Amino acid sequence: MIAALPDPTDDLPPLATYALRLGDDALVLAHRLGEWIANAPQIEEDIALGNIGLDLLGQARSLLSYAGEVEGAGRTEDDLAYLRDERQFRNVQLVEIANGDFAVTIARQLAFSTYQHGLYEALSDSTDELLAGVAAKAVKEVDYHRDHATQWALRLGDGTEESHRRMQAGVETVWPYVAELFQSDPLEQELARMGVGVDTATLKPAWDSRLEAVLAEATLSVPVAAWTAHGGRQGIHTEALGYLLAEMQHLHRSHPGASW
Amino acid sequence: MTTTSAHAYAIAGAVLDPEVPVLTIADLGILRGVNVDDDGALTVTITPTYSGCPAMDAIRADVTTALAAAGFDRVKVRTVLSPAWTTDWMSSEGKAKLRAYGIAPPERRSAGPVALPLSVRCPQCGSLGSREVSRFGSTACKSLWVCTTCAEPFDHFKAL
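The present account deals with the structure reproduced in this document. Predicted model, so just to flag it, every value in this text is computed and none were measured.

Quick word on the interface of chain A and chain B
With 21 residues of chain A at the interface, the matching set in chain B holds 22 residues. Buried area between chain A and chain B, both sides added, is near 1900 Å², and the carbon and sulfur share of it is 58%. Taken as a group, Lys137(A), Lys140(A) and Tyr144(A) account for 39% of the area that chain A buries against chain B, more than any other trio of residues on that side. Between the two partners, chain A and chain B, sit one salt bridge. Linking Asp147(A) and Arg135(B) is a salt bridge whose minimum nitrogen-to-oxygen distance equals 2.2 Å. Broken down by secondary-structure element, the contributors of at least two residues to the side of chain A that touches chain B are α2 (43-71) and α5 (129-157) of chain A. With eleven residues, the top contributor of residues to the side of chain A that touches chain B is α5(A). Among the residues forming the side of chain A that touches chain B, the class breakdown is eight nonpolar, six polar and seven charged.

Next up, the structure:
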């Protein structure tokens, strides 16, 4: 365990931290997917990845607003998105890693949307009305995201020799970041006991069997991760997040409160 | 529903969706209700089609403007997520308007472990020979199709 420096985000009520974690996952991935706009291999993919990012951004807005509301210090969704530094972000590292080539992005989408689908499905039954509402709404959107990633993984994996090689490399690139998705901690376990949150460790078996099935059909092999990433939920991030935030936040920080 | 709230509901409900301007927000099923509060102010409740629907701000502004023009100057527009909107909230009148506009309306989504992709009827020529070009279209709520009979591309309002 790497010791995190103390920061104000550590003192949030557990429910606010929880909403922040889910909101940061969605926000950071939304930004990454937005980077594909005008860069995707075909125009339909520009639109698809942009639309998926938009869904995630909508989820992030609800979750960050809620985190601010539970915190009770008057922070808005914008304050939380634009005015926190990287150590205060609580997303998993998987969503922040560079897009890589299209196959890396598809592998990340497959891993993350399958995880998020299981999470939102379970969270739809949360005793917390807001979380249940966001999850029940979002699970149907994520169903489309997961299908999109699955279709591409099959097409690339079971495609040409070159597309197969790159899709396999994509899966291998994201694999070390998968374990973190299912690493629950005391905060999450306590919220799960209260019926508010979901213990993500319980989502792992279904994720494994789905990924194994998709990869097998795509003629890809399930990698063995030589190392595993962790620490995102405690504010430990890869170098990539700082660059991402610099781009995402600079306008708001240069012109506070700017709108159009 | 009081006379005032019914009147206000009719005005708010007639606001057009900015992205599919043949549909009113009542047709779409995203207007959830209009309440007259104790102090006489109005609370309008709307719900997004998709979590990230960028039209919500425009709809909020249009509802406020339409009601102001009818003399309601104290209007609060509230956004709710529950119960989640689905394409089943769209009225059959709305679906007919969509088809006439050239957008294939949503059908009921098949549930279950194997979602069989069903054919979508071309809104131009009525043929069932069509193929999906992209699951994601010009807006979050639409996918892009092409008719194999008349060769015209068309939007399909995705079932959700």
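Here we look at the pattern of salt bridges
Residues and elements named next belong to chain A. Using the criterion set out here, one finds 19 salt bridges over all chains in the structure. Two residues, arginine 32 and glutamate 35, come together in a salt bridge whose shortest N-O distance is 2.8 Å. Residue classification places arginine 32 among the buried positions, given a relative accessible area of 6%. Across the salt bridge formed by glutamate 71 and arginine 75, the nearest N and O atoms sit 3.0 Å from each other. Residue classification places arginine 75 among the partly exposed positions, given a relative accessible area of 23%. Overlapping salt bridges bring together Asp101, Glu162, Arg165 and Arg166 as one network.

A few points about the packing of aromatic side chains
Applying the stated criterion to the full structure yields nine aromatic pairs over all chains. Between Trp36(A) and Phe102(A), the aromatic rings sit 5.9 Å apart at their centres with planes inclined by 90°, giving edge-to-face as the arrangement. Here Phe102(A) lies in helix α4 (residues 102-123) and Trp36(A) lies in the loop between α1 (14-34) and α2, a separation of 66 residues in the sequence. A single burial state applies to Trp36(A) and to Phe102(A), both of which are buried. Among the aromatic residues, those joined into a cluster by ring pairs are Phe112(A), Tyr115(A), Trp175(A), Phe182(A) and Trp207(A). One cation-aromatic arrangement involves Arg32(B) over Trp89(B); the distance from NZ or CZ to the ring centre is 3.9 Å. Against the face of Tyr144(A) rests Lys158(B), its NZ or CZ located 4.5 Å from the ring centre.

As for the sheet that holds strand β4 (residues 103-104) of chain B
Residue and element names in this part refer to chain B. Spatially, four strands are ordered β4-β7-β6-β5 in an open sheet, and the strand pairing comes out mixed. Only two strands of the sheet have a single neighbouring strand rather than two, namely β4 and β5 (130-134). Both β5 and strand β6 (residues 142-147) contribute to a ladder of four bridges, which runs antiparallel. Bridge assignment links serine 134 to a residue of β6, and that residue is leucine 144.

Criteria and cut-off values
- Residues numbered from 1 in each chain as written.
- Chains lettered and ligands numbered in written order.
- Predicted model: local features only at pLDDT ≥ 70, side-chain atom pairs only at ≥ 80, totals over all residues.
- Heavy atoms only, no water.
- Contact = heavy atoms within 4.5 Å.
- Buried area = accessible area lost by both parts, 1.4 Å probe.
- Salt bridge = Lys/Arg side-chain N within 4 Å of Asp/Glu carboxyl O.
- Helix = DSSP H or I, 4+ residues; strand = E, 2+ residues; numbered from the N terminus.
- Nonpolar A, V, L, I, M, F, W, Y, C, P; charged D, E, K, R; others polar.
- Buried < 20%, exposed > 50% of the residue type's maximum accessible area, 1.4 Å probe, protein only.
- Phe/Tyr/Trp six-rings, centres within 6.5 Å; stacked < 30°, edge-to-face > 60°.
- Lys NZ or Arg CZ within 6 Å of the ring centre and 35° of its normal.
- Pairing = 2+ DSSP bridges.

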